[in-house]
Amino acid sequence: MRGILRRVSAPTAEMLAETLRPLTDVPGEAAVFCDIDGTLAPIVERADDAKVPEGSARLLAAIARRYGCVACISGRSVAEARRLVGVGGIAYAGMHGVEMLWPGATRPEMSPEVSAWAERVRDFVRENDSRELRILRVRIEDKGPIWAYHWRGAPDEDSARERVKEIADAAEEAGFHVHWGRKVLEVRPPLPIDKGQAVKALVDRCPVRAALFAGDDVTDLDAFAALDELVADGRLGRAVRVGLRSDEGPPEIVERADLVVDGVAGFRTVLQALAEA
């Protein structure tokens, strides 16, 4: 059963209040989870230039003081996610849940099984590095057990993507998993790694009865699916899926969301409603 049946775009204050009521009625028993890039922080050409607006960070901090569990779930490393958001007292799931940094902890947790694959993924990337990638301006990001190829802003994005597609095919032939996002390819260990796993781990750790997840990209659909599963098996009473509409986002984000808002600015109104309820 879906947590909320009404889907709205550019919602009014009354609509927001109704949709978020499963969380705001008893905030101490509710969880707020969200993606970072494209949700809290606007998408930019270079990932290093991304920034969470100060107003959004303040709202997230206010939410953390009222709600049972608050977490940012990102494809970035935990260290990068924590630096970008800059809010203490919340959990951070990095690399789609490969790393988990709990409130009060100084170091993230990572399963030994995932760590064991880090060297093999790194060796594959090094063996498939080439001068052609640099000419095409494909940027390679080392995230430990996951490596990413970015081509946003490349002079010829179509040619860059085609070259990255060849790398994806080679990675799959070598036994790795690949995952496509917004102008990014990730080469991953052949293990269950997705934001849905992070959502489940957070709910297992935090005794909440309602949860919200907000996201804008294909990787966020796994978190939506996890909320469905958690409600179906009774581990959550209600769930709210917030989809951010954008030109580059997959249509499924809007189709599967309970609440649809327009971009980062639209999600800020959700944060404000949660903080002020």
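From a predicted model like this one, the values you see are computed outputs, not experimental measurements.

With respect to the sheet that holds strand β4 (residues 99-101)
- Taken together, eight strands build an open sheet; the order of strands is β5-β4-β3-β2-β1-β10-β11-β12 and the sheet is mixed. Edge positions in the sheet fall to β5 (109-110) and β12 (259-262), since each of these pairs with one other strand and no more.
- Taken together, the three bridges between strand β2 (residues 69-73) and strand β3 (residues 91-94) define a ladder with parallel strand orientation. Counted as the bridge partner of C72 is Y92 from β3.
- With respect to the sheet, helix α3 (residues 78-85) is in contact with β2, β3 and β4, its orientation differing from that of β3 by roughly 135°.

A word on the side chain of R76
- Note on placement: R76 falls in the loop between β2 and α3.
- If near-sequence neighbours (up to four positions away) are discounted, R76 is found in contact with D37, A47, A50, A81, R83, L84, G94, M95 and K143.

Observations concerning the confidence of the model for the protein
- In the predicted model, the protein carries a mean pLDDT of 92, and the fraction of residues at 70 or more is 97%.
- Throughout residues 1-8 the model reports pLDDT below 50, and contacts reaching past four residues in sequence, or to other chains, amount to 27 contacts.

With respect to the environment of L60
- Of note, L60 is situated in helix α2 (residues 54-66).
- For L60 and A273, which are 213 residues apart along the polypeptide, the C-alpha to C-alpha distance reads 11 Å.
- For L60, the contacting residues outside a window of four places in its chain are L40, V70, C72, V85, V87, I90 and L271.

Concerning the packing of α2 against helix α11 (residues 263-276)
- Direction vectors running N to C along α2 and α11 enclose 35°, while the axes themselves pass 9 Å from each other. Judged by the twist between their axes, the crossing of α2 over α11 is left-handed. The segment α2 lies against α11, with S56, L59, L60, A62, I63 and R66 engaging R268, L271, Q272, L274, A275 and E276.
- Taken together, the residues of the contact of α2 with α11 break down into seven nonpolar, two polar and three charged.

Some points on the state of the cysteines
- Evaluation of the coordinates by the stated rule reveals zero disulfides.
- Cysteine C34 remains unbridged, with the sulfur of C72 as its closest cysteine sulfur at 4.2 Å.
- Just so you know, C69 is unpaired, no disulfide at all, and the nearest cysteine sulfur is the one on C206, 3.0 Å from it.

Digging into the sheet that holds strand β7 (residues 146-150)
- Overall, antiparallel pairing links the four strands, which are arranged β6-β7-β9-β8 in an open sheet. Of all the strands in the sheet, just β6 (139-143) and β8 (177-181) have a single pairing partner and so form its edges. Direction aside, the axes of adjacent strands within the sheet are offset by 20° on average.
- Where β8 and strand β9 (residues 184-188) come together, five bridges link them in antiparallel fashion. Considered in β9, the bridge of H177 is made with R188.
- Against the sheet, helix α7 (residues 157-173) engages β7, β8 and β9, with an angle of about 155° to β8.

Rules used in this analysis
Residues numbered from 1 in each chain as written. Predicted model: local features only at pLDDT ≥ 70, side-chain atom pairs only at ≥ 80, totals over all residues. Heavy atoms only, no water. Pairing = 2+ DSSP bridges. Helix = DSSP H or I, 4+ residues; strand = E, 2+ residues; numbered from the N terminus. Contact = heavy atoms within 4.5 Å. Axes fitted to C-alpha atoms, helices over the stretch in contact; angles between N-to-C directions. pLDDT = per-residue confidence, 0-100. Left-handed = near helix turned anticlockwise from the far one by under 90°. Nonpolar A, V, L, I, M, F, W, Y, C, P; charged D, E, K, R; others polar. Disulfide = S-S within 2.5 Å.

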